[in-house]
Structure formats: structure tokens, C-alpha cells
Amino acid sequence: MSQPFDAPGYNRDASIVNPKGQGNLAPGPQHGAARPAPGGPFLIGEAMTGGYGKSGPDILHGCTIAVDRGEIAVIVGPNGAGKSTAMKALFGMLNLREGSVRLDGEDITELSPQDRVVKGMGFVPQTHNIFTSMTVEENLEMGAFIRRDDISETMEQVYELFPILKDKRHQAAGELSGGQRQQVAVGRALMTRPKVLMLDEPTAGVSPIVMDELFDRIIEVARTGLPVLMVEQNARQALEIADKGYVLVQGANAHTGTGRELLADPDVRASFLGG
Ligand SMILES: Nc1ncnc2c1ncn2[C@@H]1O[C@H](COP(=O)(O)OP(=O)(O)OP(=O)(O)O)[C@@H](O)[C@H]1O
Ligand SMILES: [Mg+2]
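Here is what the cut-offs are and how they apply
In this convention, every chain numbers its residues from 1, walking through the sequence in written order. Key to labels: chains lettered from A, ligands numbered from 1, both in the order written. Owing to the predicted nature of the model, reporting of local features is limited to residues with pLDDT of at least 70; listing and counting of side-chain atom pairs is limited to 80 or more, with chain, interface and lining totals taken over all residues. Residues are counted as near a molecule or strand when the C-beta atom, derived from backbone positions, lies within 6 Å of that molecule or strand. Helix and strand definitions here come from DSSP, where helices need a minimum of 4 consecutive H or I residues and strands a minimum of 2 consecutive E residues; each element is numbered from the N-terminal end. Nonpolar residues are Ala, Val, Leu, Ile, Met, Phe, Trp, Tyr, Cys and Pro. Charged residues are Asp, Glu, Lys and Arg, and all others, Gly as well, are polar. Following DSSP output, two strands are said to pair if at least two bridges run between them. Simply put, an axis is a line fit to the C-alpha atoms, just over the touching stretch for a helix, and the angle between two N-to-C directions goes from 0 to 180 degrees. A pair of residues counts as a contact when their C-beta atoms, built from backbone coordinates, are separated by no more than 7 Å. Any residue surrounded by 20 or more other C-beta atoms within 10 Å of its C-beta is treated as buried, while 12 or fewer makes it exposed and the intermediate range makes it partly exposed; C-beta atoms here are placed from the backbone. Nonpolar cores are identified as sets of buried Ala, Val, Leu, Ile, Met, Phe, Trp, Tyr and Cys residues joined via C-beta atoms within 7 Å. Take the far helix as your reference; a near helix turned counterclockwise from it by less than a right angle gives a left-handed crossing, and one turned clockwise gives a right-handed crossing.

1. Examining the site of ligand 1
As a structural note, the neighbourhood of ligand 1 is formed by Tyr52, Gly56, Ile59, Gly77, Asn79, Gly80, Ala81, Gly82, Lys83, Ser84, Thr85 and Gln126. Of the residues forming the shell around ligand 1, the biggest block, three residues, is contributed by helix α1 (residues 83-91). The residue inventory of the shell around ligand 1, partitioned by class, reads three nonpolar, eight polar and one charged.

2. Re the sheet that holds strand β6 (residues 121-124)
With mixed pairing, six strands are arranged side by side in an open sheet as β6-β7-β8-β3-β9-β10. Every other strand in the sheet has two partners, leaving β6 and β10 (252-257) as the edge strands with one partner each. Pairs of neighbouring strands in the sheet enclose a mean axial angle of 15 degrees, with direction left out of account. Judged from the four bridges that link them, strand β3 (residues 72-76) and strand β8 (residues 228-231) form a sheet pairing that is parallel. Across the sheet, Val74 pairs through a bridge with Met230, a residue of β8. With respect to the sheet, helix α6 (residues 178-190) is in contact with β6 and β7 (196-200), its orientation differing from that of β6 by roughly 165 degrees.

3. Some details on the sheet that holds strand β4 (residues 95-103)
Read from one edge to the other, the open sheet built from four strands follows the order β2-β1-β4-β5, with strand pairing classed as antiparallel. Taken across any chain shown, the strands that pair with only one partner, and hence form the sheet edges, are β2 (58-67) and β5 (106-107).

4. Observations concerning the pairing of strand β9 (residues 244-249)
Within β9, five of the six residues are buried, which leaves it mostly tucked inside the rest of the structure. Judged from the five bridges that link them, β9 and β10 form a sheet pairing that is antiparallel. Its bridge partner being in β10, Val247 is matched across the sheet by His255. The hairpin formed by β9 and β10 contains two residues between the paired strands, and Gln250 there has a positive phi angle of roughly 45 degrees.

5. Describing the nonpolar core
Counting residues in hydrophobic clusters, the biggest one holds 75 residues, and the most contacted among them are Leu43, Val74, Ala86, Leu90, Val158, Met198 and Val228. Looking at this core, the element that brings in the most residues is helix α7 (residues 208-223), giving seven residues. Sequence-distant contacts of Val158, defined by excluding residues within four places in its chain, comprise Leu140, Leu165, Gly187, Leu190 and Met191.

6. A look at unusual backbone geometry
At Arg193, a position not held by glycine, the phi torsion is positive, near 55 degrees. Inspection of the secondary structure assignment puts Arg193 in the loop between α6 and β7. Assessed through the 22 C-beta atoms surrounding it within 10 Å, Arg193 is described here as buried. In this model, Gln250 sits at a positive phi of 45 degrees, which is unusual for a non-glycine residue. A residue is classified by how many C-beta atoms lie within 10 Å of it, and Gln250, with 14 of them, is partly exposed.

7. Quick notes on the environment of Glu110
Mapped onto the elements of the fold, Glu110 is located in the loop between β5 and α2 (113-119). What makes Glu110 exposed here is the crowd of 10 C-beta atoms within 10 Å.

8. Structural notes on helix α4 (residues 152-161)
Of all the residues in α4, the buried ones are Thr154, Met155, Gln157, Val158, Tyr159 and Leu161. Those residues of α4 hidden inside the fold are in contact with α3 (136-143), α5 (163-167), α6 and α7.

9. Remarks on α1
Summarising burial for α1: eight of the nine residues are buried, a large majority. Turning to α1, its buried residues number three or more, namely Lys83, Thr85, Ala86, Met87, Lys88, Ala89, Leu90 and Phe91. Looking one or two places after α1, you find Gly92, whose phi comes out positive at around 90 degrees.

10. A short note on the packing of α3 against α6
Two packed helices can be described by the angle between their axes and the distance between those axes. Direction vectors running N to C along α3 and α6 enclose 35 degrees, while the axes themselves pass 7 Å from each other. The handedness of the crossing between α3 and α6 comes out as right-handed. Residues Val136, Asn139, Leu140, Met142 and Gly143 of α3 lie in contact with α6, whose contacting residues are Val184, Gly187, Arg188 and Ala189. Among the residues forming the contact of α3 with α6, the class breakdown is five nonpolar, three polar and one charged.

Any link to function would need more than the numbers given here.
This is the structure in C-alpha cells:
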């Protein structure tokens, strides 16, 4: 069974995120209250249509997903709805037939995933998000592959955020519990000092107590000013911490609103939240 995290080691140091491109580093807005940001959303995939390969059927149908500065945005929806596909499209792993992706006002639709990392996107995929045979510390070092500067301070900040990782830094990541592996995956993404963090099901396969701990850490990260876009299968809990929520169904936007609005929406409740 997974162990809960160690005693809280909150990261109050905003320098873990790259301040360039962020609205402000003051404490984030009240969760549940989305507000427009000047100059449009920080990251937006707009009217995305496309599928896998050159001739595969469209999985996304005019899907729009955005996250603003200082926000946590959450994507929920049934299995196979295209949540991961939408994340991959934002990260450049899908050829869009229509639509565009913009980061901080710049059209990045044609950029490779590697170039998007350089531009400031940190992505934690749903599966295979750590190197299991490498140590925790090696995973974090790999995460910083695009950097040429000193990474030790960022690593220390990741260890402050996730103290258990410091204790286990010389262990193979594959030996860790599910929740600890997810911390490694998130930590690895933070090592690039991203401007936006994208997490695909960060709490998959962990116990409710570990899920709560992970959500607390994600909120901490968001409060340093780093916009967070995440897919979650724990829809109710995720919408409770979301400034903005998207319900995807069959590759299209079915419902969009603040987390609070979606939690209160009778249709969303009946269809996706178990009443
Ligand atoms: N690499 C791939 N090649 C072809 N089709 C794929 C690929 N990955 C996913 N699909 C298809 O795309 C559709 C959407 O899948 P996707 O993984 O995006 O859903 P999801 O909402 O993330 O589901 P889950 O909740 O199970 O993670 C499914 O029909 C799936 O079979
Ligand atoms: Mg998925």
C-alpha cells in the first residue's frame, strides 16, 4: 500500500517556476473563481481537430482547452473521451488537421514537443512518466536536460516540495510507491522550470489519502504562479480545486465552467459525478 507523504514541506519559493511569462508571483486567486487574463489565456489549444497518424480517424472534434495565469484548469470526462489526446495535442504529439495552439500569445502549432519544452511547457504523461531503472535523482537530472545552468537549486526546491524524494534520492524510481513515483514525475517536469505544468492523471492508482496529498502539493505549485492544466479521473475532487473545468465527451467540449459551476450543474452531476 502507498504511504502518505512526509510532513508538509511547503514550497513557498516562487523561483522554482520561471517567472518569465507569468502574470504575477503573488498568491494565486481564490480557487473556484476563474477570471480572464490580459492578453488571452497563457496556454490555449483552440478548436483542435485531429487524430493519430496520417490517416487515423479524428479523435478531437473542435476541442478547446485553455489555462490562464495563476490558474488550475482540469479536464474530466469518461474513459476514451480524448483527454490524453487533447493533452498530447497541446504538447505537439498529434498532427492537428484544424485548430491551433498558442503559448503566451505565440502560435506554437508547428513546434515539436522538444521545442515546446524549451518554450516552457512541462508535461507529465499518463503512463511511462519516469525512468524506473534510474534513481530518483537521475530522473530529476534527466528532467533538466534542456538546461545548461546550475540545476542544484531547482533540485533542492523539488526536494522541499516532496521531502520523501530526498530520502529516496539514491533508490531506483521503480522501487517507489505509486504516489512517490508520481512525485518523481512531477518533480522531473519541474526541473525544466516550466512556465506551464501539464499533468495527465497525476493521482492514477493512488489511495485517497495520497491523492489528497498530491492535490495539496499541486495547489502549492500553482500558488507559486505556475499555471497547471491537469486531467483527472477523480472528477469531483479535482473540480473542487479547479479554477476552470472542462468536461470532454467523444473528443468535444461538453461542459465548460468554473470548477464550482460544473460541480453545481445538474447535467454534469448526473452524467459524470454520480448524481
Ligand atoms: N496512440 C494511439 N493511436 C491510435 N488511437 C489512439 C491512441 N491513443 C488513444 N487512441 C484512441 O483515442 C481515443 C481517446 O483516447 P484517450 O487516451 O485520449 O482517452 P482518455 O480520455 O485519456 O481516456 P482514459 O480516461 O482511459 O485515460 C480512444 O478511442 C483511443 O482508443
Ligand atoms: Mg487518458
